[in-house]
Amino acid sequence: MTVLTTSPSWHQLAAHHARIKDIHLRTLFAEDPGRAERFVAEGAGLFLDYSKNRITDETLALLLRLAEERGVTARRDAMFAGEKINVTERRAVLHIALRAPRGVRIDVDGADVVPDVHRVLDAMAAFAARVRDGRFTGHTGRRIRNVVNIGIGGSYLGPEMAYRALRPFSDRSMTFRFVANVDGADFTEATHDLDAAETLFIISSKTFTTLETMTNAAAARTWLVQKLGAEAAVARHFAAVSTNLPGVTAFGIDPTNTFGFWDWVGGRYSMDSAIGLATMIAVGPENFGAMLAGFHAMDEHFRTAPPARNLPLLLGLLTVWYNNFFGAQTVGVMPYAAPLARLPAYLQQLQMESNGKHVDLDGRVVVYQTAPIIWGEPGTDGQHSFYQLLHQGTKLVPCDMIGFCRPLSPLAAQHDLLMANLFAQAEALAFGKTAAELTAEGSPDFQTPFRVTEGNRPTNVILADTLDPATLGSLVALYEHSVFTQGAIWAIDSFDQWGVELGKVLAGRIIPELGHGAEPELTHDASTNALIRHYRKRRG
Ligand code: G6Q
């Protein structure tokens, strides 16, 4: 593939950027109020208003041409066809198969994977139903009331985010906890008030070798056996989700409580696989199915909607526009929905682990920026902390603002306050307040320079009717495919993660060096050696 920066539309975009970069959104709207109706797109239950971006019709045409030149749709079709587009690991990338309805055919190496997906979904549904209605009991015959998911990264962020988002749909008689960190405080805090006789641990690990998860799983087994006084209790209190079935069996987990998935599902793309078992137990198989249908609706939208109306494509291209032409380093994601508090953390992994790459598909070091840093907090909380920088700081931070037209809370009047704030922030960020306006409003002269809010800060506003399972599915798929689009433009492998290896290897080397008793000679750099010595001396 040709280098991105040599493609004709890249040059045209650079020249176009130089022409329009200083045009204010106030001017763009004054000259073309129709943009509010034109720069919107709808699909899979989501409505995107992208009119408050620093773009014109020409920008959009050029970005769409860039997508064409970079073969985004061909790459998308290759993903949907099960081709091994994860080139560095020689794997297919088929999270879209996890939500394909029965009867759809998707082949990997000549075999249809969809029947297998549904076989696992059916087994999960049967297990979830038995846990929820009390037929699946613990070692002492008591009903399971607590579920503790032990997993990290892609085996944690999705389940926790989805549980929090869909809590109103969950079984309120049950408690759900999520343990990820190898810091023992995480496990201790999650279990300190739980009755072992009513607790089910789900060990979620694609590889079943991850240090944090295996350590916490061992801690869980010790905790359970100590509390219930019987090794045999393990079989009634552990379930596993993994692609490594021999590893699960070696740990002693009953194969009938084990749910598999496949190497063509990346960790950060796995919340709708068996990794979602805790989510399914919480909200029930039917709601989980509705979430999968939401994912699938967005998959179909991405696959079939024309480019100019294609939500993930547009969102991805706009991210490229700010990242590569305006030099924006970050993207803020602000869900105006308290239950989506963990969405920014989830999207952080999705974007930064997928597209935080420094070589292209041909192994050449890239000469352009790849993934922006993703961060965010729910509105309105963020307004009372970091929004000051968004409005008046020196950095350009494009933001996605996500809101819902109907509340799930019975406090409906508060919902208007929430949404008024979303609309107001997007308006203030775009249009700001001039010195002349301030003076007309009676601002004292000495304060005016400090109160001027420049505006011209871009936002995407994403609206949906309500935060239900289907909407959550389509929202996550929207971002999955936006990340895909960006990776395709940058010609990088969005589905590997070699960068996390080095730290893991070094930690493996240091663990025995911290060991109590013998303290082996240290052969790291001077700083690492000194830190280890300090720790050995001070740890008590
Ligand atoms: C995700 C990453 C990573 C992974 C965790 C957990 O795409 O590969 O976050 O999910 O390291 O791995 P296991 O599921 O194998 O324990």
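The rules we used
- Residues numbered from 1 in each chain as written.
- Predicted model: local features only at pLDDT ≥ 70, side-chain atom pairs only at ≥ 80, totals over all residues.
- Heavy atoms only, no water.
- 1 Å grid on protein atoms, 1.4 Å probe; cavity = no way out; pocket = protein on both sides within 12 Å on 5 of 7 lines; lining within 4 Å.
- Points joined across faces, edges and corners; volume = space filled by probe spheres on them.
- Helix = DSSP H or I, 4+ residues; strand = E, 2+ residues; numbered from the N terminus.
- Nonpolar A, V, L, I, M, F, W, Y, C, P; charged D, E, K, R; others polar.
- Phe/Tyr/Trp six-rings, centres within 6.5 Å; stacked < 30°, edge-to-face > 60°.
- Lys NZ or Arg CZ within 6 Å of the ring centre and 35° of its normal.
- Core = buried A, V, L, I, M, F, W, Y, C linked by side-chain atoms within 4.5 Å.
- Buried < 20%, exposed > 50% of the residue type's maximum accessible area, 1.4 Å probe, protein only.
- Contact = heavy atoms within 4.5 Å.
- Patch = residues over 30% accessible without salt bridge, like charges linked within 9 Å, V, L, I, M, F, W, Y side chains within 5 Å.
- Areas by Shrake-Rupley, 256 points an atom, 1.4 Å probe, with all protein chains shown as cover.
- Salt bridge = Lys/Arg side-chain N within 4 Å of Asp/Glu carboxyl O.

Caption draft 1: Fine view of empty space enclosed by the protein. Scanning all chains against the criterion turns up 2 cavities of 30 Å³ or more. As for the largest cavity, its lining consists of 19 residues, and the residues nearest its centre are Thr-319, Val-331, Ile-374, Asp-400 and Tyr-479. Sorting the residues of the lining of the largest cavity by element identifies helix 14 (311-325), strand 10 (330-335), helix 15 (343-355), strand 12 (399-404) and helix 20 (469-490) as the ones contributing at least two each. By volume, the second largest cavity is sized at about 40 Å³. Considering the residues around the second largest cavity, the lining is formed by Leu-98, Val-117, Val-120, Leu-121, Met-124, Trp-262, Asp-272, Ser-273 and Ala-274. Taken together, the residues that form the lining of the second largest cavity break down as 7 nonpolar, 1 polar and 1 charged.

Caption draft 2: Region of interest: the packing of aromatic side chains. According to the stated counting rule, one finds 23 aromatic pairs in the structure shown. Connected via pairs of aromatic rings, a cluster forms that spans Trp-10, Trp-321, Tyr-322, Phe-325, Phe-326 and Tyr-368. Sitting over the face of the ring of Phe-136, Arg-236 holds its NZ or CZ atom 4.7 Å from the ring centroid.

Caption draft 3: Broad picture of the nonpolar core. In terms of nonpolar packing, the biggest core is built from 121 residues, with Trp-264, Ile-281, Leu-472 and Tyr-479 touching the most fellow members. Counting residues per element, this core draws most heavily on helix 20, at 11 residues. With residues up to four places along the chain from it excluded, the contact list for Leu-472 reads Met-161, Ala-162, Ala-165, Leu-166, Met-271, Met-291, Leu-340 and Leu-467. Within the second largest apolar cluster, 25 residues are counted, among which are Val-179, Met-214, Ala-220 and Ala-233.

Caption draft 4: Examining a nonpolar patch on the surface more closely. Together, Val-182, Leu-211 and Ile-511 give the surface a local cluster of nonpolar side chains, amounting to about 240 Å² of exposed area. For Leu-211, a relative accessible area of 44% puts it in the partly exposed group.

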